[in-house]
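Examination of the molecular architecture
Listed here are the chains, written in short residue letters.
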Amino acid sequence: MRPSREVESSDQVLWSLRALGGEATLGDLVAATGLPRSSVERSLDALIATQRGHVRVLERGDVTYHVGRIGFDGVAAPWLPGFYGAERRRTPPRSELVAARRAAFDRKTLRLIRTRDGVLSLAELVEQTGLPLRAAEVEMQRLARSWGGEAHVGLDGHTVYAFPLLMESVHGRFAAREPRPAWVRSEDPMDHARQRRRRARRGMVMTSAGSAMLVGVPFAVAATKALGVPGVGTAAVAVSVLGASLVIVGLRDVLRHHRRFRFQQRDTLRRYALGHVVETALAGKGVVSLKRTVRFIQARAGKRKVPRALVEAALRDLAEEFGAPITTEGDDLFFGFRSVKRQFLASYLVRRQLALGRRVAGDTVYDTEDAPAAAAARELALFDRELGTAATDAPAR
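The following refers to the structure shown.

Parameters and conventions
- Residues numbered from 1 in each chain as written.
- Predicted model: local features only at pLDDT ≥ 70, side-chain atom pairs only at ≥ 80, totals over all residues.
- Heavy atoms only, no water.
- Helix = DSSP H or I, 4+ residues; strand = E, 2+ residues; numbered from the N terminus.
- Buried < 20%, exposed > 50% of the residue type's maximum accessible area, 1.4 Å probe, protein only.
- Contact = heavy atoms within 4.5 Å.
- Areas by Shrake-Rupley, 256 points an atom, 1.4 Å probe, with all protein chains shown as cover.
- Pairing = 2+ DSSP bridges.
- Axes fitted to C-alpha atoms, helices over the stretch in contact; angles between N-to-C directions.
- Salt bridge = Lys/Arg side-chain N within 4 Å of Asp/Glu carboxyl O.
- Phe/Tyr/Trp six-rings, centres within 6.5 Å; stacked < 30°, edge-to-face > 60°.
- Lys NZ or Arg CZ within 6 Å of the ring centre and 35° of its normal.
- Parallel < 35°, antiparallel > 145°, perpendicular 65-115°, else oblique.
- Left-handed = near helix turned anticlockwise from the far one by under 90°.
- Nonpolar A, V, L, I, M, F, W, Y, C, P; charged D, E, K, R; others polar.

**Re the overall build of the protein**
Each helix and strand counted, the protein has 14 helices and 12 strands in total. Within the protein, buried positions represent 41% of all 397 residues. A sequence separation of at least 24 residues applies to 68% of the contacts in the protein between residues at least 6 apart. When the accessible area of the protein is evaluated, it comes to approximately 21600 Å², of which 57% is carbon and sulfur surface.

Listed below in structure tokens is the structure:
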């Protein structure tokens, strides 16, 4: 029997809390799990209710979460093999693969946000995900809803998003390395290797089935004519059309998901072209040459030929997204991606202005794990300290 999603989330949050040394803020746990803020909060409430976790309130109002007295209870990490026990060898359904892929993708994005000091522009999200700009706007709004993002208008009117919740930590500055951007991986970061293999196998099965139908039609027609069965011609035509369709669709899936042909795919070329655009924009004024982009991608393709026409189409798509002007000089095209650099600069300025990174610290004023006597002693000690501070600050007469 599979555990419910709420139980899975609670166990995942508890495991992450233990992995963080038994102490974390809400932002630490959101970043570690990749779950939405509301899901983490529900899981923490469940852990506190079952005494597997407790919460402390610090003197400045900061809230931290801790492992409770009951402890870990042998819960394994949901993303590690063996979490489902006897069911670990089964093939997960598509919905689980999509959810796991989304969670892994979100954790990378969270890592990016924290290494960028809690501020992210749309151009930075596009670089990381490889999404078209409009899709990145939708994705950014989802991230803001899930993780408490706030929109800020920066340089040239570009909108950047700040995530103050994610930058509150009990462990100091977040020192993890930035995830690799989409263009470095060359493949869709939201695509899963198992899914790609499954689609390729499905394409091979469809191609084989269609070929078998086309080969078998003449023999079937001959046999049915010998038996005097009427309507053979119409059925043969229908079967031939179906077989040809299966062959075409199957070959398309096989070729689309084969590594040898990835540099013939427009979306792959777009991701590589995006990497060249970002590098060029950050290094200078953002003027990108079609010839240099072809050479940039060809250097990564090795012996596989990179079609100039597809690279041009990818650059034109990016130019339309970012409003880049296009000029022609001789047999070359030049694209002005000035706005890409301006978006990076806008997020940098907001980052400097907000300075979100903050380590929570201070004495505990409230702890849900305290017994009544301990809670009373804590309140009395805090009251005595406040009286002492007030007496020290009082002016002398």
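**Re the sheet that holds strand E3 (residues 63-67)**
Strand order across the open sheet formed by four strands is E1-E3-E2-E12, with antiparallel pairing between neighbours. The two strands at the open ends of the sheet, each matched to only one other strand, are strand E1 (23-24) and strand E12 (364-367). The pairing of strand E2 (residues 53-58) with E3 spans five bridges and is classified as antiparallel. The residue bridging Gly53 from the neighbouring strand is Val67, located in E3. Strands in contact with helix H3 (residues 37-49) are E2 and E3; relative to E2, the strand with the most contacts, it is inclined by about 105°.

**Structural notes on the pattern of salt bridges**
One side chain can pair with another of opposite charge once the charged atoms of both are near each other. Tallied over the entire structure, the rule returns 17 salt bridges. One salt bridge connects Asp11 with Arg52, and the closest N-O pair in it is separated by 3.5 Å. Taken together, the residues span a long stretch of sequence, with Asp11 in helix H1 (residues 5-19) and Arg52 in the loop between H3 and E2 at a distance of 41 residues. Where Arg116 meets Glu124, a salt bridge forms, and the shortest distance between an N and an O atom there is 2.6 Å. Judged on exposure class, the residue Arg116 and its partner Glu124 are both buried. Overlapping salt bridges bring together Arg60, Asp62, Glu168 and Arg358 as one network.

**Some points on helix H2 (residues 26-33)**
With seven of its eight residues buried, H2 lies for the most part within the structure. Two residues or fewer past H2, Gly34 is found with a positive phi of approximately 75°.

**Looking at the packing of aromatic side chains**
According to the stated counting rule, one finds one aromatic pair in the structure shown. Ring centres of Phe335 and Phe337 lie 6.4 Å apart, and the angle between their planes is 25°; on these two criteria the pair is classed as stacked. Between the NZ or CZ atom of Arg300 and the centre of the ring of Phe296, over which it lies, the distance is 3.8 Å.

**Let's talk about the packing of helix H10 (residues 266-283) against helix H13 (residues 338-354)**
The angle between the axes and the distance between the axes are what describe a pair of packed helices. Here H10 crosses H13 at 70°, and the two axes come no closer than 8 Å. Classed by the angle they form, the pair H10 and H13 counts as roughly perpendicular. In the crossing of H10 with H13, the sense of the turn from one axis to the other is right-handed. For the pair formed by H10 and H13, the contact residues are Val277, Val278, Ala281 and Leu282 on the first element and Val340, Lys341 and Phe344 on the second. Its residues assigned to classes, the contact of H10 with H13 shows six nonpolar, no polar and one charged.

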